[in-house]
Amino acid sequence: MDKIITLQIGITDFCNFRCKMCVQSDVNDFRVNKKGFMAFSTWKGIMDRMQAYGKRFSILLIWIGESFLHPQIADFIRYVYESDSKNLLTSIMVYTNGSMLTPILSKEIIDLTVKHSKRFDIVFSYVSDTPDTARLMNENTDFDLIVKNTREFSDYAIKIAKGKIGINFQYVITKENLHETENFIKRWSEYFKNSCVEFKLIYDYYLESWETHNYKISLMPEGNDNSEKQNENNELFSNFLQKLGVIDKPKTENCDRFYKKEYGKVKCSSPWEFYVVNWNGDVTACCKDFELELKYGNFLKSSFEDISRSAKLVAIKENLLNDDYEEGSLCKHCSGFKGDFSKIYDGDA
Ligand code: SF4
Ligand code: SF4
């Protein structure tokens, strides 16, 4: 069976938060004068091209910005559900900081999902378990509002969809919030205790976080492209996992080498795993490519078939396979993205 195509779409690169570990808090504002919101016609163009291509695909709504800031997000979801005459869409997964997810919006999306019998997963990104630490991580936040929105979405989804909508949490462990991670896990596992069909705590983030479960909490270390700093973050993370009793020994290998050593071929699966789509329809090989250096196509100008066969994409994959990068290029000093390598060489490498 063909591998499912994953479109990772940033319908906006604006965010109302400034989390300390995110590019949004970068003092050298990224994408100066290039930020925007996807037009409905662009979304329609992408979805129509996927129908014309005729292969199964999933949508991951996350890239740099907060998707629920987009005033048409429910219209986008309605369109992809209604236009999916060939039943090609396998799932939609949306990451959110939860601040804009009003009860009206939650209800609209859940009702649409149930009506069309689709798979929908929401991932609430948390960086704390208390208002004080939330403000330390991001001064724009309103912790109580986020908790309220999370509960309202979840309660309605459980009531209406009876476990068919995935409710997920992502918690990035940092020095500042480590001390409240256990309470965070406890808070949400207790909240879902009586309605859980299946509950899973995920910590091997890169391998398992994309899998769908009805309720899950994914823990992950803070990312850093500096290998030394990344190793410190990994050590903090793995010490916590040991304390929690979910792993026996620490994982502190240097990131670059760890990916390569463990999987033997390439350090990064991103160009094989994701078609990362910018709000203006540009497609790039990587979600770390904020300035679109690895752009290899545009959905408004080409069919999906042409995009997936782009000569630039082939060259990007070859460079990764051969460990051959231009000095100063994005991939040269990157610690990589470890995806599900079991799928990489299954057909489309
Ligand atoms: S909510 Fe997400 S996109 Fe926004 S600043 Fe925080 S981590 Fe970045
Ligand atoms: S090596 Fe790094 S920059 Fe290059 S595609 Fe992979 S994750 Fe992106």
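This is a predicted model, so every value here is computed, not measured. (Residues numbered from 1 in each chain as written. Chains lettered and ligands numbered in written order. Predicted model: local features only at pLDDT ≥ 70, side-chain atom pairs only at ≥ 80, totals over all residues.)

1. What to know about the overall build of the chain
A tally of helices and strands in the chain yields 13 helices and 10 strands. Looking at the 349 residues of the chain, the share that counts as buried comes to 38%. In the chain, 71% of the contacts between residues at least 6 apart in sequence involve partners at least 24 apart. (Helix = DSSP H or I, 4+ residues; strand = E, 2+ residues; numbered from the N terminus. Buried ≥ 20, exposed ≤ 12 C-beta atoms within 10 Å, placed from the backbone. Contact = placed C-beta atoms within 7 Å.)

2. Remarks on the nonpolar core
In this structure, Leu7, Leu61, Tyr171, Val276 and Val277 are the most contacted members of the largest nonpolar core, which totals 70 residues. Residue contributions to this core peak at 6 residues, all from strand β5 (residues 165-173). In this structure Val276 touches Gln8, Trp63, Val283, Thr284, Ala285, Cys286 and Cys287, once residues within four positions along its chain are discounted. (Core = buried A, V, L, I, M, F, W, Y, C linked by C-beta atoms within 7 Å.)

3. Quick notes on helix α12 (residues 311-322)
Taking 1.5 Å per residue, 12 residues should reach 16 Å; α12 reaches 16 Å between its end C-alpha atoms and fits that length. Listed in full, the buried residues belonging to α12 are Leu313, Ile316 and Leu320. Buried residues in α12, looked at end-on, bunch into an arc of 60 degrees, giving them a common side. Away from its buried face, by an angle of more than 90 degrees, α12 presents the exposed residues Ala311, Val314, Glu318, Leu321 and Asn322. Those residues of α12 that are buried are in contact with α10 (270-273) and β10 (295-298). (Expected span 1.5 Å × (residues − 1). Arc of directions from axis to C-beta.)

4. Observations concerning the packing of helix α2 (residues 73-82) against helix α3 (residues 103-115)
At their nearest, the axes of α2 and α3 sit 10 Å apart, and the two run at 5 degrees to each other. Judged by the angle between their axes, α2 and α3 are roughly parallel. Seen from α2, the contacting residues are Ala74, Ile77, Arg78 and Tyr81; seen from α3, they are Leu105, Glu108, Ile109 and Leu112. Within the contact of α2 with α3, the residues separate by chemical class into 6 nonpolar, no polar and 2 charged. (Axes fitted to C-alpha atoms, helices over the stretch in contact; angles between N-to-C directions. Parallel < 35°, antiparallel > 145°, perpendicular 65-115°, else oblique. Nonpolar A, V, L, I, M, F, W, Y, C, P; charged D, E, K, R; others polar.)

5. A word on helix α1 (residues 40-53)
When the terminal C-alpha atoms of α1 are compared, their 20 Å separation across 14 residues agrees well with the 20 Å that a helix rising 1.5 Å per residue should span. Along its buried surface, α1 packs onto β2 (57-61), α2, β8 (275-277) and α11 (304-308). One or two positions beyond α1, positive phi appears at Gly54, with a value near 85 degrees.

6. Structural notes on the environment of Asn177
Tracing the backbone through its elements, the reader meets Asn177 in the loop between β5 and α6 (181-191). Residues Asn177 and Thr130, 47 residues apart in the sequence, show an inter-C-alpha distance of 9.2 Å. Those residues in contact with Asn177, other than ones at most four positions away along the chain, are Val127, Ser128, Thr133 and Met137.

7. Quick notes on the pairing of strand β3 (residues 89-96)
Here 5 bridges tie β2 to β3, and the two strands are oriented parallel to one another. Across the sheet, residue Ser58 finds its bridge partner in β3, namely Ser91. Pairing analysis gives 5 bridges linking β3 to strand β4 (residues 120-126), with the strands arranged parallel. Bridge pairing in β4 places Ile92 opposite Phe120. (Pairing = 2+ DSSP bridges.)

8. Some points on unusual backbone geometry
The backbone phi angle of Ile64 is positive, close to 70 degrees, even though this residue is not glycine. Turning to its location among the elements, Ile64 is positioned in the loop between β2 and α2.

9. Describing the packing of α1 against α2
Remark: α1 packs on α2, axes separated minimally by 10 Å, with the N-to-C direction vectors making an angle of 25 degrees. What the angle tells us is that α1 and α2 run roughly parallel. Between α1 and α2 lies a crossing whose hand is right-handed. Together, Phe40, Trp43, Lys44 and Met47 of α1 and Asp75, Phe76, Tyr79 and Val80 of α2 make up the contact between the two elements. Classifying every residue of the contact of α1 with α2 by side-chain character gives 6 nonpolar, no polar and 2 charged. (Left-handed = near helix turned anticlockwise from the far one by under 90°.)

10. Description of the pairing of β2
For β2, a buried count of 4 out of 5 residues is recorded, marking the element as mostly surrounded by other parts of the structure. Bridging between strand β1 (residues 5-9) and β2 involves 4 bridges; their strand directions are parallel. The partner of Gln8 across the bridge, within β2, is Leu60. On the question of chirality, the crossover connecting β2 to the parallel β3 by way of α2 is right-handed. (Right-handed = clockwise from strand over helix to strand, strands pointing away.)

11. What about the environment of Ile217?
Mapped onto the elements of the fold, Ile217 is located in strand β7 (residues 215-221). Separated by 50 residues in sequence, Ile217 and Ile167 place their C-alpha atoms 8.9 Å apart.

12. Quick look at the confidence of the model for the chain
Residues with a pLDDT of 70 or more make up 84% of the chain, whose mean pLDDT is 84. Counting contacts from residues 252-264, a segment whose pLDDT is below 50, to residues more than four positions away or on other chains yields 20 contacts. (pLDDT = per-residue confidence, 0-100.)

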